[in-house]
Amino acid sequence: MKYERSIIITGGAGFIGSHVVRLFVRKYPTYRIINLDKLTYAGNLANLKDIENCPNYVFEKSDICDYETVRKLVSGYDVTGIIHLAAESHVDRSILDPFTFARTNVLGTLTLLQAAREYWEPSGWEGKRFYHISTDEVYGALELTRPEGDPSSEECGGGPYGDEFFTEETKYQPHSPYSAAKASSDHFVRAYHDTYGMPTVITNCSNNYGPYQFPEKLIPLFINNIRQRKPLPVYGKGENVRDWLYVEDHARAIDLVFHEGKAGETYNIGGFNEWKNIDLIKVLIKTADRLLGRPEGADDDLITFVTDRKGHDLRYAIDSTKLKEELGWEPSLQFEEGIEKTVRWYLDNQEWLDEVTSGDYLRYYDRMYGGR
Ligand code: NAD
Ligand code: TYD
């Protein structure tokens, strides 16, 4: 079959990437979707079981830092678009091992940019697109000016925990090795636009939640621990604030920005949905206990306050007005509905949880692809 275009999605076996791959494979049967993923501990082909046999889907196990391989894939598939999600993504790991984050997030992004440039530039930039998926964490942290929270402040244009939001104009001020590496990769993407004229676009999104997230991040880790009645390690006093977005709403935004975003632009993506960690954790316990048929309050004593994360950013809150006004995107799911769906999904997919925490999923690749 002759495809309309070929697109590489990097990190497609990870949490957000798997939702993006699924959306594109199903929605665009005339596109060939190439999932380029190294399958680190966070990459899991079981996330894509439902679409792995679709004719327009290809999996390539490769490292984004391997220039020769990336170059061959871009030219071999005549790729005209790259949606780049592959990254090391967990802040706690970046505190322990910053070099891996610099290698994958910075050098990996640069490798992709250069390989794309080498193939695209000679025939002109028309019809090409390099889309880099970034995070709100590059902007640093916001003040918590209303620690007790005041939902009525939202009517006056503020957030429940503070007046300020991250906008596309907010100065970069990353604090963790993870966000420093992501910030650096964002700068390289802009440099390729400004220097070579590459049609790039960047989005900076807030915390995502939903199915297929590796259970080292807050929401899946805590659901998994509640189900097993293990302690829930709350960093510090649990007063840090995060702005949560359902992962499928992020995937829809990515589809929109890939097709309609303006080259050279940056768009923030977020749900105007701030939660203090401890309050979110209480919702998780209540929802999980109800779905597990346990009495209300049965697992409240699992909450265990532990030493705070080093350099723990206090508050993230994204202003996504630009994306709404220019491209018409809005989150579709209310948080209560999203959390219910998410808790239910993890409880219904305990096999997946057990597999990814046992390492069995690494062997799944060998079963599927015969060690290719
Ligand atoms: P994830 O950790 O779940 O998945 C990352 C994927 O990248 C994995 O499949 C992994 O195997 C792959 N990968 C890692 N190193 C690679 C390499 N060298 N070569 C090829 N593949 C490699 O991450 P996620 O949470 O899905 O995040 C995806 C992207 O979205 C990241 O760029 C992240 O910075 C960004 N982001 C995440 C969030 C969030 O809340 N999770 C929010 C905003 C932005
Ligand atoms: P996380 O899911 O790691 O995302 P990020 O650090 O990128 O925001 O953490 C979300 C919040 O939850 C963050 O404030 C740290 C906190 N947290 C805990 O309190 N305990 C935990 O075990 C984890 C993983 C996170």
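Scroll up to find the structure this text is about.
Fair warning: this is a prediction, and the values are worked out from it, not measured in the lab. (Residues numbered from 1 in each chain as written. Chains lettered and ligands numbered in written order. Predicted model: local features only at pLDDT ≥ 70, side-chain atom pairs only at ≥ 80, totals over all residues. Heavy atoms only, no water.)

What to know about the sheet that holds strand S10 (residues 266-269)
Taken in spatial order, the seven strands make up an open sheet running S3-S2-S1-S4-S5-S6-S10, and their pairing is parallel. If you trace the sheet from one side to the other, it starts and ends with strand S3 (57-61) and S10, each paired once. Within this sheet the neighbouring strands show an average axis-to-axis angle of 20 degrees, counted without direction. Across six bridges, the pairing between strand S1 (residues 5-10) and strand S2 (residues 31-37) is parallel. (Pairing = 2+ DSSP bridges. Helix = DSSP H or I, 4+ residues; strand = E, 2+ residues; numbered from the N terminus. Axes fitted to C-alpha atoms, helices over the stretch in contact; angles between N-to-C directions.)

Focus: the pairing of strand S6 (residues 200-205)
Every regular strand shows the same layout, with side chains that alternate between the two sheet faces. Counting buried residues in S6 gives six out of six residues, a clear majority hidden from the surface. Burial along S6 is two-sided: the face carrying Thr-200, Ile-202 and Asn-204 and the face carrying Val-201, Thr-203 and Cys-205 are both buried. Alignment of strand S5 (residues 129-135) against S6, held across six bridges, turns out to be parallel. Note on S6: the bridge partner recorded for Tyr-131 is Val-201. Note on the crossover from S5 through helix H5 (residues 177-196) to S6: the handedness is right-handed. As judged from the four bridges shared by S6 and S10, these two strands associate in the parallel manner. Among the inter-strand pairings, Ile-202 is bridged to a residue of S10, identified as Thr-266. (Buried < 20%, exposed > 50% of the residue type's maximum accessible area, 1.4 Å probe, protein only. Right-handed = clockwise from strand over helix to strand, strands pointing away.)

A few points about the pattern of salt bridges
Counted under the stated rule, the structure contains 22 salt bridges. For Glu-118, the salt bridge goes to Arg-71, with nearest N and O atoms at 3.8 Å. With a gap of 47 residues between them, Glu-118 in helix H4 (residues 98-120) and Arg-71 in helix H2 (residues 67-76) connect regions that are remote in the sequence. Look at Glu-118 and you get partly exposed, because its relative accessible area is 38%. The partner of Arg-227 in a salt bridge is Asp-354, with the nearest N and O atoms 2.7 Å apart. With Arg-227 in helix H6 (residues 218-227) and Asp-354 in helix H11 (residues 350-358), this pair connects stretches of sequence that are 127 residues apart. (Salt bridge = Lys/Arg side-chain N within 4 Å of Asp/Glu carboxyl O.)

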